[in-house]
Amino acid sequence: MGDKTKTRKKKPPRVLFVIFFGALFLASAVFGAAQEVYTTPYGGSYHRENCSTTSSSVTRKITVQEAALAGYKPCRVCKPLVVDAPAEKNAEAAGFYRVNIEGISSYKAAEISKMQKAVVTRHVDGDTVEVRFISKPAGIINQTEKIRMIGVDTPETVHPKKGVEAFGKEASEYTKRALLNKNVYIALDWDIKDKYGRLLAYIYTEDGKVCHNAKLIQEGYAHAYTIFPFQFLEEFKALEKEARSRKRGLWGDLHDNR
Ligand SMILES: [Zn+2]
């Protein structure tokens, strides 16, 4: 009797905990790795890391959920993990031209004939404006939307704590002059809205020749904003490098503080 009680009260040996949590850790590591897939700038499929069909392409690592949401299909050669993209997520940007899904490799290659037309109704600062779409959009996109331009960051003009940053005013004025009350064309990328509910977009001017996002960087009014991935990231980084080397705008001698 006494012996039995002793056995029952005995704690499980420490080694069991080690094995249990070790196995849990391994499982999550393996599962986590399986969630990562690879896309290429031109193809409509996503792949495993060492797929034979992507060996000569630049690949981009994303999660399988992101790949499915963006409309990529699992590769038929390497057969990566398959997940279902919720239909309502795909519908978020229904009818919008998305450069990631189209596999557009350069901002210059985007086709404005496929984009949604809008009028810029309000100017907020260098990288944020409000637009009104000509046709009524579907999904989570409203007729009037505040747009945060993808891949750029202009110096703040109205930041409550930082005040007016160097060159913020110039960037803001530049965007106002270029876009306010103008017809523009809107293209989207991976993410539809940010945490503030702003539509994340590229803004093309009416003749289709100028992508305002790129133009801001090119002219030295903005940094390339590379914290979140987007289709033209490498291209925008190169534009910033060039603007820096030519000391354009905020990279000029008068604005060396950034
Ligand atoms: Zn493949």
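You'll find the structure just up there.
Basis of the calculations
Residues numbered from 1 in each chain as written. Predicted model: local features only at pLDDT ≥ 70, side-chain atom pairs only at ≥ 80, totals over all residues. Heavy atoms only, no water. Helix = DSSP H or I, 4+ residues; strand = E, 2+ residues; numbered from the N terminus. Buried < 20%, exposed > 50% of the residue type's maximum accessible area, 1.4 Å probe, protein only. Contact = heavy atoms within 4.5 Å. Areas by Shrake-Rupley, 256 points an atom, 1.4 Å probe, with all protein chains shown as cover. Donors = N, O, S within 2.8 Å, 3.2 Å for Na, K, Ca; no water. Pairing = 2+ DSSP bridges. Axes fitted to C-alpha atoms, helices over the stretch in contact; angles between N-to-C directions. Expected span 1.5 Å × (residues − 1). Arc of directions from axis to C-beta.

Colleague: Can you break down the overall build of the protein chain residue by residue, with the values?
Modeller: Of regular secondary structure, the protein chain possesses eight helices and eleven strands. Residue burial in the protein chain is summarised as follows: out of 258 residues, 41% are buried. Within the protein chain, residue pairs in contact and separated by at least 24 positions form 60% of the contacts whose partners lie at least 6 positions apart. Carbon and sulfur atoms provide 55% of the accessible area of the protein chain, an area that totals close to 15,300 Å².

Colleague: Explain the coordination of the zinc ion to me, using residue names and the numbers behind them.
Modeller: With distances of 2.2 to 2.3 Å, the protein atoms coordinating the zinc ion are His47 (ND1), Cys51 (SG), Cys75 (SG) and Cys78 (SG). We note that the donor set of the zinc ion lies within a single chain, spaced as H-x3-C-x23-C-x2-C. One end of the pair, His47, is in strand β2 (residues 45–47); the other, Cys75, is in the loop between β4 (73–74) and α4 (87–90), with 28 residues separating them in the sequence. The buried category is assigned to His47, whose relative accessible area is 7%. Using a relative accessible area of 7% as the deciding quantity, one classes Cys75 as buried.

Colleague: Could you give an account of the sheet that holds strand β5 (residues 116–125), with specific residues and numbers?
Modeller: What holds strands together in a sheet is hydrogen bonding between their backbones, with the strands either parallel or antiparallel. Strand order around the closed barrel formed by five strands is β5-β6-β7-β10-β9, with mixed pairing between neighbours. Sheet twist, expressed as the mean angle between neighbouring strand axes with direction ignored, is 55°. Bridging between strand β9 (residues 183–187) and strand β10 (residues 199–205) involves four bridges; their strand directions are antiparallel. Along β10, the bridge assignment pairs Tyr185 with Tyr204. Here helix α6 (residues 168–179) sits on the sheet and contacts β5, β6 (128–133), β7 (144–149), β9 and β10; the angle it forms with β5, its principal contact strand, is near 150°.

Colleague: Give a description of α6 that names residues and reports values.
Modeller: In this model, α6 (twelve residues) spans 16 Å end to end at C-alpha, consistent with the 16 Å of a helix rising 1.5 Å per residue. All of the buried residues in α6 are Gly168, Ala171, Ser172, Tyr174, Thr175 and Leu179. The arc that holds every buried residue of α6, seen down its axis, measures 160°, which confines them to one face. In this structure, α6 carries Lys169 and Arg177 as exposed residues pointing more than 90 degrees from its buried face. Of the surrounding secondary structure, the elements contacted by the buried residues of α6 are β5, β6, β7, β9, β10 and α7 (212–218). Two residues or fewer after α6 comes Asn181, characterised by a positive phi angle close to 65°.

Structural measurements only, silent on function.
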